[in-house]
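Commentary on secondary and tertiary structure
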Amino acid sequence: MQYTPLEDIPRIREALRDGFRSGKTKIVAFRKEQLRQLGYMVQENKQAWLDAFKADLGRPYFEGEIHEFIATVTAIKDTYKSVEKWAKTENAPFDISSFSMHPKIRKEPKGTVLIIVPFNYPLFLSITPLMAAIAAGNTAVLKPSEHAPTCAALLHDLIGKYLDHDVVRVVQGGVEETTKLLELQWDHISYTGNPRVARIVSAAAAKHLTPITLELGGKNPVIIDPRCDLETAARRILWAKCANAGQICVAPDYVLVPREVQGKFIQMLKKIHEEFFPDGPAKSDSLSRIVSAAHTQRLASLIQQTKGEIVFGGDIDMESRYVSPTLVLNPSPGEPLMKEEIFGPILPVLPVNDVDEAIEFINARDHPLVIYVFSDSSDFQATVVDNTQSGAFACNELLFHVAAYGLPLGGTGLSGHGLIRGKFGFDTFSHFRGCVNQAGWLDKVLLWRRYAPYTESNRR
Ligand code: NAD
């Protein structure tokens, strides 16, 4: 991957501003053409994308196709089909006191925007905000993660080939390049990543009063109802924890299990672990690797420091960046494993007495990106959703809520703010401009009353 020279970065921003000022992105047909090109860019290069995911994340082809490739193509198609409807000027609701002004809401692009993305879903997390920005009529700089360098280089080359050079550019690089980008003024910044860097992005944006969207992570809990189908719960939880080797913002972080079924639940997890990896996970073709040596080391130290019992796993190979799926029973709530987002295939399981204790445990911490519940009881589900806060809430299913058509994706509190999916993303990158148009003749019949001098007859 070749980093973008720092001195080119202000020039890139200027070129995109000129592209915006040219007015071409205001034409919806032009936006659709760019979205179509984006679709071709993904579809025509399927194998290159799957190979790039494998190179950067050791990701199995099946996972690359199902979790990222198909999700990206579907999202582009939806946006392509909907952009005309979303971009339409809307009439304000009828109101007797203002209808004469014909109040309307124009959906206007914000201008030139900056999109910073992480390594874990390098295509989907780049394209989702990018297509929303294009659909809304903006020009954009995309800054992919340096930790997924094959994907970043592919994005750079293919976007250069498929999309208008005045509309989208990719800046490649790491902290220095992102810092340079953040010194400049943008009309919106979308950042997906961790809360530490989100504070740096927020501070830089505040200098220019730039609006921002933050898609962050957190510790996503799973609450188990003792009456649920424990085998299905265990199978779905272990699958979601192992997908992309746990490097997913909506991965289940830890499980709160009622004491009365804890033993049975652990046995289920052990059985399913053996089913998933009959020859052991190290030899399996169905497990991704950790993105970097630093992250592998971080996960190794979480395992080394745990005060919990390691039921299975705990194996690390630094050279191949391998961390085995690891089940940790009853870690201390104060240890690092339970304080930071794990973002790896380690699953802590903590016993609780009941749902109230589980809710108390969650509410004593930052708002997660998603809360998961395994229960067939609508009362149990309602008790959790009504008494907690999180970006999303999912019952009996994991990860897939991200793909549910029409739902927003976003956090609350420390898991982020703002929404980037579908129509929500279009709105994020749009300015809703209120417009009115009053007829002059109304002064003759009604509006003359507002003018000075204010006399008794004005009031009547
Ligand atoms: P990362 O290390 O790839 O960093 C993300 C981006 O920030 C990169 O483009 C990087 O160049 C830039 N960056 C890093 N340090 C910087 C600095 N000091 N100054 C300026 N820019 C800097 O990825 P990450 O942040 O470790 O990503 C993982 C996190 O992202 C997890 O917390 C995960 O939960 C979250 N995430 C959230 C979502 C969501 O939709 N809410 C999706 C995916 C990931």
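If you check an unreviewed UniProt entry, the protein chain appears there as Aldehyde dehydrogenase from Cristinia sonorae. The UniProt entry for the protein chain carries the following comment under Sequence similarities (unreviewed entry): "Belongs to the aldehyde dehydrogenase family."

Describing the overall build of the protein chain
A count of helical and extended segments in the protein chain gives 17 helices and 18 strands. A burial count over the protein chain gives 44% of its 460 residues as buried. The long-range share in the protein chain, meaning contacts at least 24 apart out of those at least 6 apart in sequence, stands at 71%.

Points about the site of the ligand
Residues in contact with the ligand amount to 29 residues; listed here are only the nearest, Pro 118, Ser 145, Gly 193, Gly 217 and Cys 249. The residue makeup of the shell around the ligand, split by class, is 13 nonpolar, twelve polar and four charged.

Some points on the UniProt feature "active site" (unreviewed entry) in the protein chain
Within the UniProt annotation, "active site" (unreviewed entry) is assigned to Glu 215 and Cys 249. The greatest C-alpha distance among the annotated residues, which extend across 35 residues, is 9.1 Å, indicating that they converge on a single site. Here Glu 215 shows up in strand E7 (residues 212-215). Those residues in contact with Glu 215, other than ones at most four positions away along the chain, are Thr 192, Gly 410, Gly 411, Gly 416 and Ile 420. Those residues in contact with Cys 249 that sit more than four places away from it in its chain are Gly 217 and Leu 369.

What to know about the nonpolar core
The biggest cluster of nonpolar side chains holds 122 residues, and the ones touching the most others in it are Ile 115, Leu 130, Met 131, Ala 133, Ala 140, Val 201 and Ile 224. With eight residues, helix H5 (residues 124-135) is the largest single contributor of residues to this core. Not counting residues up to four positions away in its chain, the partners in contact with Leu 130 are Ile 115, Ala 140, Leu 142 and Val 168.

Considering the UniProt feature "domain: Aldehyde dehydrogenase" (unreviewed entry) in the protein chain
Mapped onto the present numbering, the UniProt feature "domain: Aldehyde dehydrogenase" (unreviewed entry) falls at residues 7-431. When the span residues 7-431 is considered, its composition is 44% helix and 17% strand, and the gap between its end C-alpha atoms is 31 Å.

A closer look at the packing of helix H3 (residues 46-57) against helix H6 (residues 149-162)
Remark: H3 packs on H6, axes separated minimally by 7 Å, with the N-to-C direction vectors making an angle of 150°. The orientation of H3 with respect to H6, classified from their angle, is roughly antiparallel. Each of Ala 48, Ala 52, Phe 53, Ala 55 and Asp 56 in H3 lies in contact with H6, whose residues at this interface are Pro 149, Thr 150, Cys 151 and Leu 154.

Quick notes on unusual backbone geometry
In this model, Ala 452 is joined to Pro 453 through a cis peptide bond whose omega is 0°. Tracing the sequence through the fold places Pro 453 in the loop between helix H16 (442-445) and helix H17 (456-459). At Asn 244, a position not held by glycine, the phi torsion is positive, near 50°. With respect to the helices, strands and loops of the structure, Asn 244 is situated in the loop between helix H9 (230-242) and strand E9 (254-258). Positive phi values are uncommon outside glycine, yet Asn 396 reaches one of about 65°.

Quick word on the pairing of strand E16 (residues 392-395)
Here strand E15 (residues 370-374) pairs with E16 via four bridges, running parallel. Within E16, the position partnered with Tyr 372 by the bridge is Ala 394. The β-α-β motif built from E15, the intervening helix H14 (residues 378-386) and the parallel element E16 has right-handed crossover chirality.

Here we look at the sheet that holds strand E3 (residues 112-116)
Pairing is mixed in the open sheet, where six strands are placed in the order E5-E4-E3-E6-E7-E17. Lying at the two open borders of the sheet, with one neighbouring strand each, are strand E5 (168-170) and strand E17 (416-417). Both E3 and strand E4 (residues 139-143) contribute to a ladder of five bridges, which runs parallel. Bridging across to E4, Thr 112 finds its partner in Thr 139. Those strands touched by helix H1 (residues 9-21) are E3, E4 and E5, and its axis lies near 150° from that of E4.

Thoughts on the environment of Ala 71
Tracing the backbone shows Ala 71 in helix H4 (residues 61-87). Distance from Ala 71 to Thr 128, taken between C-alpha atoms, is 9.7 Å for residues 57 residues apart in sequence. Not counting residues up to four positions away in its chain, the partners in contact with Ala 71 are Phe 124 and Ala 403.

Regarding the sheet that holds strand E2 (residues 104-109)
Taken together, the three strands give an open sheet; going across it, the order is E1-E2-E18, and neighbouring strands pair in antiparallel fashion. Two strands close off the open sheet at either side, each with one partner strand: strand E1 (90-91) and strand E18 (430-435). With two bridges connecting them, E1 and E2 associate as antiparallel partners. Residue pairing across strands places Glu 90 opposite Ile 105, the latter belonging to E2.

Brief notes about the pairing of strand E14 (residues 346-352)
Note on strand geometry: in a regular strand, side chains alternate between the two faces of the sheet. Buried residues dominate E14, accounting for five of its seven residues. As paired elements, E9 and E14 share four bridges and run parallel to each other. Pairing of Leu 256 across the sheet is with Leu 350, part of E14. For strand E13 (residues 326-329) and E14, the ladder comprises four bridges, and the chain directions are parallel. Bridge pairing links Thr 326 to Ile 346 in E14.

Quick notes on the environment of Phe 393
Secondary-structure assignment places Phe 393 in strand E16. In the structure, Phe 393 is positioned 175 residues away from Gly 218 in sequence and 14 Å away in space, judged by C-alpha atoms. Among all residues touching Phe 393, those that are not within four sequence positions of it are Val 370, Ile 371 and Val 385.

Here is what the cut-offs are and how they apply
Residues numbered from 1 in each chain as written. Predicted model: local features only at pLDDT ≥ 70, side-chain atom pairs only at ≥ 80, totals over all residues. UniProt positions renumbered as here; feature names shortened; annotations may be inferred. Helix = DSSP H or I, 4+ residues; strand = E, 2+ residues; numbered from the N terminus. Buried ≥ 20, exposed ≤ 12 C-beta atoms within 10 Å, placed from the backbone. Contact = placed C-beta atoms within 7 Å. Near = placed C-beta within 6 Å. Nonpolar A, V, L, I, M, F, W, Y, C, P; charged D, E, K, R; others polar. Core = buried A, V, L, I, M, F, W, Y, C linked by C-beta atoms within 7 Å. Axes fitted to C-alpha atoms, helices over the stretch in contact; angles between N-to-C directions. Parallel < 35°, antiparallel > 145°, perpendicular 65-115°, else oblique. Pairing = 2+ DSSP bridges. Right-handed = clockwise from strand over helix to strand, strands pointing away.

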